[in-house]
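Chain by chain, the residues:
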Amino acid sequence: MRTEKTKKKIPQIDIGSYKSETKRKSYLKDLEKVSADQRKNMLSAGVDPSHKNRSGTYIQMDHSVVYSKSLYPGLEVMSTTEALKKYKWLDNYFWKVLSVDADEFTEQAEAQPHHGYFLRALPGVKAVYPLQACLFINEDNIIQNVHNIIIAEEGADLQVITGCATASDVRRGLHIGISEFYVKKGAKLTFTMIHNWAEDVSVRPRTAALVEENGTFLSNYICLKPVKTIQMYPKAELVGQRAMARYNSILFALPGAHLDVGSRVILKAEGSRAEVVARAVSAGGDIIARGHLKGEAQGIKAHLECRGLMVSEKGLIHAIPELEGTIKGVDLSHEAAVGKIAKDEIEYLMARGLNEGEAQAAIIRGFMDTSIMGLPPELQKEIDVAISACEREVF
Amino acid sequence: MLKIENLTVSVSGKEVLTDINLEIKKGERMALLGPNGSGKTSLLMTIMGFSDYKITRGNIIFKGKRINDLSVDERARSGIGIMFQRPPTIRGVKLRQMVDVISKSGFDTDKEAGELNLKEFLDRDVSLGFSGGELKRSELFQLLAHSPQLSLFDEPESGVDLENVVLVGKIMNRILSKDKDSAALIITHTGYIFDYVKADEGCVLAGGRIHCLGDPRRILETVKEHGYERCIACERKRPKRKSRK
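Here the structure is a predicted model, which is why all the values come from computation and not from measurement.

Asker: Teacher, can you tell me more about the overall build of chain B here?
Answerer: When you go through chain B residue by residue, the secondary structure sums to eight helices and 12 strands. Computed over its C-alpha atoms, the radius of gyration of chain B comes to 18 Å, within 12% of the 18 Å expected for a compact globule of 245 residues. Overall, the C-alpha framework of chain B stretches about 50 × 40 × 40 Å when taken along its three principal axes. Here chain B, with 245 residues, has 56% of them falling under the buried criterion. Long-range contacts, defined as pairs at least 24 residues apart, comprise 69% of the intrachain contacts of chain B with a sequence gap of at least 6. Chain B carries 41 positive and 34 negative side-chain charges, and their two centres are separated by 5 Å.

What follows is the structure, encoded as structure tokens:
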């Protein structure tokens, strides 16, 4: 019943109402040549056009790949179109963990693909700095369909910051992002996605990951800026023994925004573990925070946690945690709480001289603290820079 | 510095302070004594302006101005600071961030944190998982950074071991000696803190009313010997003195 109600709330999207043709953007030999506006919006999404502290960069504007380069031996960065030409075997990675006919958006991405990124760490390769990828919408009212493939080969450690952003004059758009992740034996993949969309942009990521034996998949999602609708329910399948997945989401919804965001982990192999953590703040927008853990093997352990903070009279936070065990010996748990900012906390900060607005902002910022993500220090620093840039605009 | 006139205060419709009259002069340190539940913390919270504490009658005057209608932060900025007895946990807000916001220029956060054995706490969430002694030091650290003219201390020595009481006393003295006019209102149950911080005046609050004013050590001795009943019965008024300049 509840789910039906929730489903009704999601604004429907008319795919045909978006332009499918865009002007071709020329390839940038020098990334410094992006405009000041593009740079600002990319930085807010964690993508630094100067490459500073990055191992490689992929940038796509609308339907054109404008930059792709790896700066670290053993890391591959290119468009999926180019990668398909280069590697025959790559075909087997397309639509393997996601199905083409899942919904109208997966069908659309298959029918009219506009590239997407291919990021791969060769076996045993460990880079200190992350790869960065940016999917940028530069023209108003367009549709952007991308298909991304990310592979951490055996024993590799791959970090990715991916930012999705729009030019400041873009109001309306539709982004469909298909992402398939492959974490091989003993590999680690840390994927941090920051969304920096415009107020009337709709976003439909369709994401799944396959994690093999002793593999670790960490997926962080941050959405602080205004957006019209986001609906996504990424899934990780833990198919190897002692595989691990952790999803962290930090969501902030302004009035008019509708975020329906969840994370699902299917624990299929013995001793696999998962953790799903969400922090949701409604400042007038609607947030549906879903989570689903399914334990199908012995000795698995998984926990789901959702904390919501209502800071406006309007808006909605609807936490929907689901636990499903299909065999004895599973250990699944969840905790969820939706509340308001405690008055004693605000007044405590005010007693130190902060005014009410500053105190409230400090508590909201603290609530959305990214240190819960357990990122390596270098990556944490970069993410915090991006979040501060976002917050300066939002608060 | 602070003058409280005929102050009556309610919390959720229940009267917690009745007809309080109290004056703390420049440079003066007043000890506030009284049994549990007598209204001591309520008085501090009311002076600070916390919204649960409704003034139904009377005035609070700070540096010659009526502050009844000022918000908590306006009072903080005008020079009133507080050391909480049980501070709330502020998740995600680091102690360093707090002190950076509070402190005035010239405050060496790392050096001062070192003095208070708080260096490793600078990058931790405010009050999260702090022990009793750590909470007190964190509160004093923030108050030191705030450097108010009137400091309100709510049981600075409670739940603190002997070693830490010495440190607490030392930091309180530093806060109060920054300016010769610095004044304080100190809630204490045990009076141990007087071994380290000199108090000029003492008063007893019981049943939401002020009952006795005088030498804090003498009051404490009386309480130890005869309990608060004797103090409540005493009803000694504050002797008139010339104000300090």
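Let's pick the thread back up.
Asker: Help me understand the interface of chain B and chain A in this model?
Answerer: Think of interface size as the accessible area that goes away when the parts come together; that is how it is often given. Contact with chain B, which involves 28 residues of that partner, is made by 19 residues of chain A. Between chain B and chain A the total buried area reaches about 1800 Å² when both faces are included, carbon and sulfur atoms providing 61% of it. On the chain B side of the interface with chain A, the three residues burying the most area are B:Asp73, B:Pro88 and B:Ile90, jointly 23% of the side's total. Across the contact surface, chain B and chain A share three salt bridges.

Asker: Hey, could you run me through the sheet that holds strand S2 (residues 14–24) of chain B in this one?
Answerer: Hydrogen bonds along the backbone pair up the strands of a sheet, which may run parallel or antiparallel. All names here are of chain B. Taking strand neighbours across the sheet as the criterion, the four strands line up as S2-S1-S4-S5 in an open arrangement whose pairing is antiparallel. Each edge of the open sheet is held by one strand with a lone partner, namely S2 and strand S5 (65–66). Of the pairings in the sheet, the one linking strand S1 (residues 2–11) to S2 comprises seven bridges and is antiparallel in character. Of the residues in S2, the one forming a bridge with Ser-10 is Glu-15.

Asker: Hey, could you run me through the pattern of salt bridges in this one?
Answerer: Pairs can form between side chains of opposite charge whenever their charged atoms are close. Residues and elements named next belong to chain A. Under the criterion given, the structure shown has 31 salt bridges over all chains. Measuring nitrogen to oxygen at the nearest pair gives 3.1 Å for the salt bridge that ties Lys-235 to Glu-237. For Glu-237, a relative accessible area of 14% puts it in the buried group. Connected through salt bridges with shared partners, the residues Lys-19, Lys-25, Asp-62 and Glu-139 form a single ionic network.

Asker: How should I be thinking about the packing of aromatic side chains in this particular structure?
Answerer: Aromatic ring pairs are defined here through the distance separating the ring centres and the angle between the ring planes. For the structure on display, the rule yields 13 aromatic pairs over all chains. Aromatic pair A:Phe181 and A:Phe191: ring centres 4.6 Å apart, planes at 75°, arrangement edge-to-face. In this pair, A:Phe181 sits in strand S8 (residues 172–183) while A:Phe191 sits in strand S9 (residues 188–196), placing the two residues 10 residues apart along the sequence. On the basis of relative accessibility, which here comes to 1%, the residue A:Phe181 falls in the buried class. With a centroid separation of 4.9 Å and an interplanar angle of 50°, the aromatic rings of A:Tyr348 and B:Phe84 are classed as tilted. Residue A:Tyr348 is found in helix H5 (residues 343–350), and its partner B:Phe84 is found in the loop between strand S6 (80–83) and strand S7 (90–94); the two belong to separate chains. Looking at A:Tyr348, the relative accessible area reads 0%, which means it is buried. Among the aromatic residues, those joined into a ring-pair cluster are A:Tyr87, A:Trp89, A:Tyr93, A:Phe118 and A:Tyr182.

Asker: Would you take a moment to explain the side chain of A:Glu237 for this structure?
Answerer: All names here are of chain A. Within the secondary structure, Glu-237 is located in strand S13 (residues 235–238). A distance of 3.1 Å separates the side chain of Glu-237 from the side chain of Lys-235, its partner in a polar contact. Dropping the residues within four chain positions of it, Glu-237 is found in contact with Ala-209, Leu-210, Val-211, Ile-266 and Lys-268.

Asker: Before we go on, may I ask you to explain helix H6 (residues 162–177) of chain B in this structure?
Answerer: Since the α-helix advances by 3.6 residues per turn, residues separated by three or four positions end up pointing in the same direction. Residues and elements named next belong to chain B. In a regular helix each residue adds 1.5 Å, so 16 residues correspond to 22 Å; H6 covers 23 Å between its end C-alpha atoms and thus fits that length. Among the residues of H6, Asn-164, Val-165, Leu-167, Val-168, Gly-169, Ile-171, Met-172, Ile-175 and Leu-176 are the ones counted as buried. Elements in contact with the buried residues of H6: strand S3 (29–33), helix H4 (109–115), helix H5 (132–146), strand S9 (150–154) and strand S10 (183–187).

Asker: Even after reading the chapter, I still don't get the sheet that holds S9(B), so can you show me in this structure?
Answerer: Residue and element names in this part refer to chain B. Spatially, S6-S9-S10-S3-S11-S12 is the arrangement adopted by the six strands of the open sheet, whose pairing is mixed. In the strand order of this sheet, the two ends are held by S6 and strand S12 (209–214), each with one partner. Neighbour-to-neighbour, the strand axes of this sheet turn through a mean angle of 20°, independent of strand direction. In the packing of H5 onto the sheet, the strands contacted are S6 and S9, and the crossing angle to S6 comes to about 170°. Contacts between H6 and the sheet are confined to S3, S9 and S10, with S9 contributing the most and set at about 160° to the helix.

Asker: Help me out: how do you make sense of the packing of H5(A) against helix H6 (residues 356–367) of chain A in this one?
Answerer: In a packed pair of helices, the relevant descriptors are the angle between the two axes and the axis-to-axis distance. All names here are of chain A. Remark: H5 packs on H6, axes separated minimally by 9 Å, with the N-to-C direction vectors making an angle of 120°. On the basis of their axis angle, the class for H5 and H6 is oblique. At the point where H5 passes H6, the crossing takes the right-handed sense. Counted together, Glu-345, Ile-346, Leu-349 and Met-350 of H5 and Glu-356, Ala-359, Gln-360, Ala-362 and Ile-363 of H6 form the full contact between these two elements.

Asker: Would you mind showing me how to read the packing of helix H3 (residues 95–102) of chain B against H5(B) here?
Answerer: Residues and elements named next belong to chain B. Viewed as axis vectors pointing N to C, H3 and H5 meet at an angle of 25°, and their least axial separation amounts to 8 Å. Judged by the angle between their axes, H3 and H5 are roughly parallel. In this structure, H3 crosses over H5, and the sense of that crossing is right-handed. For the pair H3 and H5, the contacting residues are Leu-95, Met-98, Val-99 and Ile-102 in the first and Ser-138, Phe-141, Gln-142, Ala-145 and His-146 in the second. By residue class, the composition of the contact of H3 with H5 is six nonpolar, three polar and no charged.

Definitions and cut-offs
- Residues numbered from 1 in each chain as written.
- Chains lettered and ligands numbered in written order.
- Predicted model: local features only at pLDDT ≥ 70, side-chain atom pairs only at ≥ 80, totals over all residues.
- Heavy atoms only, no water.
- Helix = DSSP H or I, 4+ residues; strand = E, 2+ residues; numbered from the N terminus.
- Rg over C-alpha atoms; globule rule 2.2 N^0.38 Å.
- Buried < 20%, exposed > 50% of the residue type's maximum accessible area, 1.4 Å probe, protein only.
- Contact = heavy atoms within 4.5 Å.
- Lys, Arg positive; Asp, Glu negative; His and termini not counted.
- Charge placed at Lys NZ, Arg CZ, Asp CG, Glu CD.
- Buried area = accessible area lost by both parts, 1.4 Å probe.
- Salt bridge = Lys/Arg side-chain N within 4 Å of Asp/Glu carboxyl O.
- Pairing = 2+ DSSP bridges.
- Phe/Tyr/Trp six-rings, centres within 6.5 Å; stacked < 30°, edge-to-face > 60°.
- Polar contact = N/O pair within 3.5 Å; in protein donor to acceptor, adjacent residues only side chain to side chain.
- Expected span 1.5 Å × (residues − 1).
- Axes fitted to C-alpha atoms, helices over the stretch in contact; angles between N-to-C directions.
- Parallel < 35°, antiparallel > 145°, perpendicular 65-115°, else oblique.
- Left-handed = near helix turned anticlockwise from the far one by under 90°.
- Nonpolar A, V, L, I, M, F, W, Y, C, P; charged D, E, K, R; others polar.

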